[in-house]
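Chain and residue survey
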Amino acid sequence: MKHASTPFQSIRPWLLLALALLVVSACTHRPVVNVPPSPELEKKVVQIVSGDHVVPLTAEIADTPGERRQGLMGRYYMDWDAGMLFVYEISRSGSFGFWMQNTIIPLDIAYLDENGVIASIKQMEPCIDQPTCPVYPAGVRYRSALEVNQGFFEAHGISVGDRVEW
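An account of the accompanying structure is given in this report. (Residues numbered from 1 in each chain as written. Predicted model: local features only at pLDDT ≥ 70, side-chain atom pairs only at ≥ 80, totals over all residues. Heavy atoms only, no water.)

**A few points about the overall build of the protein**
- Looking only at helices and strands, one finds three helices and nine strands in the protein.
- Moving toward the C terminus, one meets the helices and strands of the protein in the order α-β-β-α-β-β-β-β-β-β-α-β.
- Burial analysis of the protein (166 residues in total) assigns 36% to the buried set.
- Carbon together with sulfur atoms contributes 59% to the accessible area of the protein, which is approximately 10100 Å² in total. (Helix = DSSP H or I, 4+ residues; strand = E, 2+ residues; numbered from the N terminus. Buried < 20%, exposed > 50% of the residue type's maximum accessible area, 1.4 Å probe, protein only. Areas by Shrake-Rupley, 256 points an atom, 1.4 Å probe, with all protein chains shown as cover.)

**Looking at the state of the cysteines**
- Counted according to the given criterion, the structure contains one disulfide.
- The disulfide partner of C127 is C133, and the S-S distance across this bridge is 1.9 Å. The sign of the -85° torsion about the S-S bond sets the C127-C133 disulfide as left-handed. (Disulfide = S-S within 2.5 Å.)

**A closer look at the packing of aromatic side chains**
- Summed over the entire model, instances satisfying the criterion amount to six aromatic pairs.
- Look at F152 and F153: their rings are 6.2 Å apart centre to centre, the planes differ by 70°, and that puts the pair in the edge-to-face class. Here F152 matches F153 in class, with each residue buried.
- An aromatic cluster is present here, built from F86, Y88, F98, Y111 and Y142 joined pairwise through their rings.
- The ring of F96 has R92 lying over it, and the distance from NZ or CZ to the ring centre is 4.4 Å. (Phe/Tyr/Trp six-rings, centres within 6.5 Å; stacked < 30°, edge-to-face > 60°. Lys NZ or Arg CZ within 6 Å of the ring centre and 35° of its normal.)

**So, the sheet that holds strand β1 (residues 43-50)**
- Taken in spatial order, the seven strands make up an open sheet running β6-β5-β8-β3-β2-β1-β9, and their pairing is mixed. Only two strands of the sheet have a single neighbouring strand rather than two, namely β6 (118-124) and β9 (163-165). On average, each strand axis in the sheet is inclined to that of its neighbour by 30°, with strand direction left out of account.
- Here three bridges tie β1 to β9, and the two strands are oriented antiparallel to one another. (Pairing = 2+ DSSP bridges. Axes fitted to C-alpha atoms, helices over the stretch in contact; angles between N-to-C directions.)

**As for the environment of G157**
- Among the secondary structure elements, G157 is positioned in the loop between α3 (152-155) and β9.
- Separated by 102 residues in the primary sequence, G157 and V55 have C-alpha atoms spaced 9.7 Å apart.
- With residues up to four places along the chain from it excluded, the contact list for G157 reads S50 and D162. (Contact = heavy atoms within 4.5 Å.)

**Things to note about the side chain of E60**
- Structurally, E60 is set in strand β2 (residues 53-62).
- Residue classification places E60 among the buried residues on the basis of a relative accessible area of 12%.
- A polar contact is formed between the side chain of E60 and the side chain of R75, at a distance of 2.5 Å.
- Leaving out residues up to four positions away in the same chain, E60 has contacts with L41, E42, K43, R75, G83, M84 and L85. (Polar contact = N/O pair within 3.5 Å; in protein donor to acceptor, adjacent residues only side chain to side chain.)

**Concerning the pattern of salt bridges**
- Following the criterion strictly, the structure yields five salt bridges and no others.
- Across the pair E60 and R75 runs a salt bridge, and its minimum N-O distance is 2.5 Å. Here R75 lies in the loop between α2 (65-70) and β3 (82-92) and E60 lies in strand β2, a separation of 15 residues in the sequence. The burial state of E60 is the same as that of R75; both residues are buried.
- The closest approach of N and O atoms between R143 and E114, which form a salt bridge, is 2.8 Å. Of this pair, R143 sits in strand β8 (residues 142-149) while E114 sits in the loop between β5 (107-112) and β6, and the two are 29 residues apart along the sequence.
- Of the residues examined, R143 reaches a relative accessible area of 26% and is grouped as partly exposed. (Salt bridge = Lys/Arg side-chain N within 4 Å of Asp/Glu carboxyl O.)

Right, here's the structure in full:
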């Protein structure tokens, strides 16, 4: 015996598909960050020397005030073996630091002395669409700083006293 179909039975698969797409888009929603696109920066392979092992990574070099100000703002992803190296002309006081304004990726930062030795490491949390964001002061004098994905230093056994070469 055949059942009569209602107009809604032919629409049901489409409604289910539309609902599934709505759920997927809600789960993959990216925060909207009002930041200009990042400029193409010079990239260098840097090496982190830790004891008897060397950890290479590709770092974008931010060495102008504008590049340092922009940093990694507005980016949704960074390769695990990548980072950004902030280079200053002169060393900076330990009271200076970095913040995560409009930065979406959780990061670790290593503050480096004049010789590239890691003098301090901090974990930094994203701060999006907030009127103020916390500052992560170095606590030590530094000449450069290396930002990487949060957990990178720990995963590779990198700590204060290790050295970054570029």
